[in-house]
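Architecture and fold: a report
Okay, here's what each chain looks like letter by letter:
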Amino acid sequence: KILFILIMFTGTINISAQENNEAILQKIDSLQSQLNELQINYEFHKLESELQRFNLDLKTFCNEVTCGSNAILISCYHGYADKELYESYKKRYDACVYLLDSYKENFNVTKEYLNLKINKIKFSFLQSKLIDQSINALNATFNAAEHSLNHYKTVMSMYKDLMR
């Protein structure tokens, strides 16, 4: 009788231990899945933040170039033209061209990095779509920057003509 009870008790302990192990493994799988999701979300937010910062820097650049163009236009309107001032406008323009080229190079490297991350990390459809939208916004900002620089060059040409 006692032997029967011990055998039953041992069998119950083994079944209970197996159930406990399965529950622990399920919990571990669940936690690992949650950790993977958190890592993906972290990478997404990190990339989005970098793209937004880049876009903000580029918009600031556009605004500075536009302000420079406006300053030259005001000088043209008042009929004031100075060779030394023109030379400083020209140097500023050259620096802006160099800076925009640096932004473009940085953006191309960033896009390559993004492609590697996108291929490595399984972002959700919505996250991938948002990253694409951020890249498209950056492309539009680059176009605006180029337009601002072209306008600056045109205004400088007007200023130069006023010096004659």
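Right, let's walk through the structure included here. (Residues numbered from 1 in each chain as written. Predicted model: local features only at pLDDT ≥ 70, side-chain atom pairs only at ≥ 80, totals over all residues. Heavy atoms only, no water.)

1. Let's talk about the overall build of the protein chain
When its secondary structure is counted, the protein chain shows 3 helices and 0 strands. In the protein chain, the succession of α and β elements from N to C terminus is α-α-α. A total of 164 residues make up the protein chain; the buried ones form 26% of that total. Put simply, 94% of the contacts in the protein chain that link residues at least 6 apart link residues at least 24 apart. (Helix = DSSP H or I, 4+ residues; strand = E, 2+ residues; numbered from the N terminus. Buried < 20%, exposed > 50% of the residue type's maximum accessible area, 1.4 Å probe, protein only. Contact = heavy atoms within 4.5 Å.)

2. Quick notes on the side chain of glutamate 48
Among the secondary structure elements, glutamate 48 is positioned in helix 1 (residues 2–77). Notably, glutamate 48 is buried but unbridged: the nearest opposite-charge side chain belongs to lysine 59, and the N-O separation is 12 Å. Within the structure, glutamate 48 has its side chain in polar contact with the side chain of serine 134 (distance 2.8 Å). Those residues in contact with glutamate 48, other than ones at most four positions away along the chain, are Leu130, Ile131 and Ser134. (Lys, Arg positive; Asp, Glu negative; His and termini not counted. Salt bridge = Lys/Arg side-chain N within 4 Å of Asp/Glu carboxyl O. Polar contact = N/O pair within 3.5 Å; in protein donor to acceptor, adjacent residues only side chain to side chain.)

3. A look at the nonpolar core
Across soluble globular proteins, nonpolar side chains have a tendency to be buried as a group. Core analysis: the biggest nonpolar cluster contains 30 residues, and Leu58, Phe61, Ile72 and Ile131 have the highest contact counts within it. Elements that contribute at least two residues to this core include exactly helix 1, helix 2 (83–120) and helix 3 (125–163). Excluding its chain neighbours within four sequence positions, the residues that come into contact with leucine 58 are Leu100, Tyr103, Leu138, Thr141, Phe142 and Ala145. (Core = buried A, V, L, I, M, F, W, Y, C linked by side-chain atoms within 4.5 Å.)

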